[in-house]
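Structural overview
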Amino acid sequence: AHEVLALVHRETGSHEAAVRHALTSARLQPSSRTAHHNLGQVQLAAGDYAAAAAAYEKAIGLKASAAATWIGLGHAYRGQGRIDQARRAYQRATELEPNNPDAHRLLNEMVWQTGEHERYLSSFRQVLSSRNADPRLRLSYANELLKIQQAEEAVKELEQVLYSVPENGEALDAMARARSALGDFDGACGFHGLALDRAPSDSLVIRNYSETLLKAARHQQAHAVTRLGRERFPLEQGVLALHTTAQRLIGDDAYGRIADYAAVPKVMRLEPPPGYPDIETFCLDLKVYLETLHATKAHPTDQTLRGGTQTFGALFQDRSPVIRDFVTQLRKSIEAYINEMPEDPEHPLFARKGTDFDFSGSWSVRLSSGGFHTNHFHPMGWISSAFYVDLPDVVSVNGRHDGWFKMGETNLQLGDREVIHRQIQPKVGHLTLFPSYFWHGTVPFESSSPRITIAFDVVPK
């Protein structure tokens, strides 16, 4: 009962209660692998990576053949910055379960982020060369190929997947994305239609179909598909982002109200925590701590940054005083932003206005010279953000926009159909809040100094 309560509390974000019940469960069942594994799970979610690692190690001591526990241990090591040990833990999971897509994906993400790009995806290829390869593993491999723009190779793998499982919606969707990446929009749309029939409850299928239609300049059709997506997934921010793009391209008058880039985003200067004379002084301490968390060498393959690194896990679960002080001050600014929202039940942002909120994600990004964020939206949020901890001097050069924050431009390479609605100059200690469905990215910069930010997503409770 304590073990189940721990997992339930973890899912609802009640981390202290989750850890309390998990500790009781492990004490009552000292020889139970699952009790110690689940203790590791809740401690991982609570951001206590050292305790999580100890719990997973105890579970492995009781049963060393559980791949899920090795994966959890890999996460705990990553959270501590023990990158080589994390990689070895993920490697062990692939050895125990050679057809486990998650184990291979996590292992290869570590390979990529430690800079060994020539060995990226080699574990997939090794297993797929055998006769016993699972189609799910081949599908996962194809998706990884698409992340690194290897669409032709992905098509070859997906043809084999669809031969084995021709009705698989995820595989059909992947083939559609691969065809779209190769410029075969007619072929892509055929696969998108099949994927939509096979996986009507998957919002990603709607999003990917919409992206292809927008790239192909089939604006009215894209508007119809995104409108269907809005009906099925009214809170899905990615569908909404693509819907607003379709609205703009067909000249829908509703676009200006839903995507008001001038008025809805707000820029504010954060108040410093007690004991600091100003927010800039606080950011000096914040920078020093964040630098210790950036333990990898390359950007994640599934994120929007290029030429930099991103912290692992939920940053706001970190127990350090500097992060806790930051979150305390941050909540005040978010509350003010929400309180200023008008009462408008028809607006996708304002309709969700409430008295309480939580964070669905939080992380730090450290961009190096030449680094930038590709244009994107935040599918898991309601309100999203950019807080500036440390900036290179080049962002302040008059007449240039190096390292600036831009809004409105998509990542769909629409050419002369693209538009930048707004550009914001970053300033240390300043926070930008905006709807999660707003397209945004950054301008590349050249400097020997990094660009360090904190980002997070807010959702209503």
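Residues numbered from 1 in each chain as written. Predicted model: local features only at pLDDT ≥ 70, side-chain atom pairs only at ≥ 80, totals over all residues. Heavy atoms only, no water.

1. Some thoughts on the overall build of the protein chain
Secondary structure summary: the protein chain contains 18 helices and 9 strands in total. Taken against the 2.2 N^0.38 rule, which gives 23 Å for 461 residues, the C-alpha radius of gyration of the protein chain at 23 Å falls within 12% of a compact globule. By its C-alpha atoms, the protein chain is 65 × 65 × 45 Å across when sized along the principal axes. The proportion of buried residues among the 461 residues of the protein chain is 54%. (Helix = DSSP H or I, 4+ residues; strand = E, 2+ residues; numbered from the N terminus. Rg over C-alpha atoms; globule rule 2.2 N^0.38 Å. Buried < 20%, exposed > 50% of the residue type's maximum accessible area, 1.4 Å probe, protein only.)

2. Some words on the pairing of strand S3 (residues 357–373)
Relative to S3, strand S2 (residues 305–310) runs antiparallel, the two being bridged by 5 bridges. Along S3, the bridge assignment pairs arginine 306 with phenylalanine 372. Bridge count for S3 against strand S9 (residues 451–460) is 10 bridges, and the pairing is antiparallel. Within S9, the position partnered with valine 365 by the bridge is threonine 453. (Pairing = 2+ DSSP bridges.)

3. Details of helix H15 (residues 237–250)
The terminal C-alpha atoms of H15, which comprises 14 residues, lie 20 Å apart, in line with the 20 Å expected from a rise of 1.5 Å per residue. Where burial is concerned, most of H15 is hidden: 12 out of the 14 residues are buried. Every buried residue of H15 is accounted for by Gln237, Gly238, Val239, Leu240, Ala241, Leu242, His243, Thr244, Thr245, Ala246, Gln247 and Leu249. Along its buried surface, H15 packs onto helix H13 (203–215), helix H14 (219–232) and helix H16 (255–258). N-capping of H15 is provided by glutamate 236, with a side-chain oxygen placed 2.7 Å from the backbone N of glycine 238. The first or second residue beyond H15 is glycine 251, which carries a positive phi of 80°. (Expected span 1.5 Å × (residues − 1). Contact = heavy atoms within 4.5 Å. Polar contact = N/O pair within 3.5 Å; in protein donor to acceptor, adjacent residues only side chain to side chain.)

Any link to function would need more than the numbers given here.
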